[in-house]
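# Structure at a glance
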Amino acid sequence: MRCPFCRHPDSRVVDSREAEEGAAIRRRRSCPACGRRFTTMEEASLRVRKRSGATEPFSRAKVIVGVRKACQGRPVRSDDLALLAERVEETVRSSGSAEVAAEDVGRAILGPLRELDEVAYLRFASVYLAFESLGDFEAAIAALRAESAGGGEPPVAGKPTAMPAATGASAVVVPVTTGPRAAAGP
């Protein structure tokens, strides 16, 4: 590590300690040339690769902003959103990769958000999973009902398809067929 005072190309580590709850390492260093001491912080960087190919640092704040939109008008506290963002970061970091796809971050959000608030989950999933019709909503609702009814068994009718979940496992989504709808009158 280059000394910030005299620009000497080497320094000696005097002390190392964990910082930010183990997410970073604080090192106290000494320069052999000028004798001055300085502190460095080291942390593993996590980058998110967007669909466009651009990368940016992972941001808990960005996760919170996206989920907050889905939770608008719902009884969800800011503390809950902060914990959700922390769980998402832990899930993404556990992959062991220094760079993850934005889609992986979205999948990591789905599970904790589903546990936090099912309506917010449906809102977020409708955008993230690109719901195109009312049938997509009905299928997601049927899957939620099947899981909350116990055992996670899907309804009998329909063909099950996979829906991404935060844990890497697939939730079962069952398309629901409905009869003709009555036209809404004025």
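Read on for an overview of the structure. (Residues numbered from 1 in each chain as written. Predicted model: local features only at pLDDT ≥ 70, side-chain atom pairs only at ≥ 80, totals over all residues. Heavy atoms only, no water.)

Attention shifts here to the overall build of the protein. A count of helical and extended segments in the protein gives five helices and eight strands. When the elements of the protein are put in sequence order from the N terminus, they spell out β-β-β-β-β-α-α-β-α-α-α-β-β. Here the protein holds 186 residues, and the buried ones make up 31% of them. For the protein, the proportion of contacts with a sequence separation of at least 24, taken over those separated by at least 6, is 42%. (Helix = DSSP H or I, 4+ residues; strand = E, 2+ residues; numbered from the N terminus. Buried < 20%, exposed > 50% of the residue type's maximum accessible area, 1.4 Å probe, protein only. Contact = heavy atoms within 4.5 Å.)

For Ala44, the location among the structural elements is in the loop between strand S3 (37–43) and strand S4 (47–49). Of the residues examined, Ala44 reaches a relative accessible area of 52% and is grouped as exposed. Between the alpha carbons of Ala44 and Ala98 there is a distance of 7.8 Å; along the sequence they are 54 residues apart.

Let's shift gears to the environment of Glu43. Here Glu43 is to be found in strand S3. Glu43 sits in the exposed class, given a relative accessible area of 55%.

Geometric values such as these leave the question of function open.
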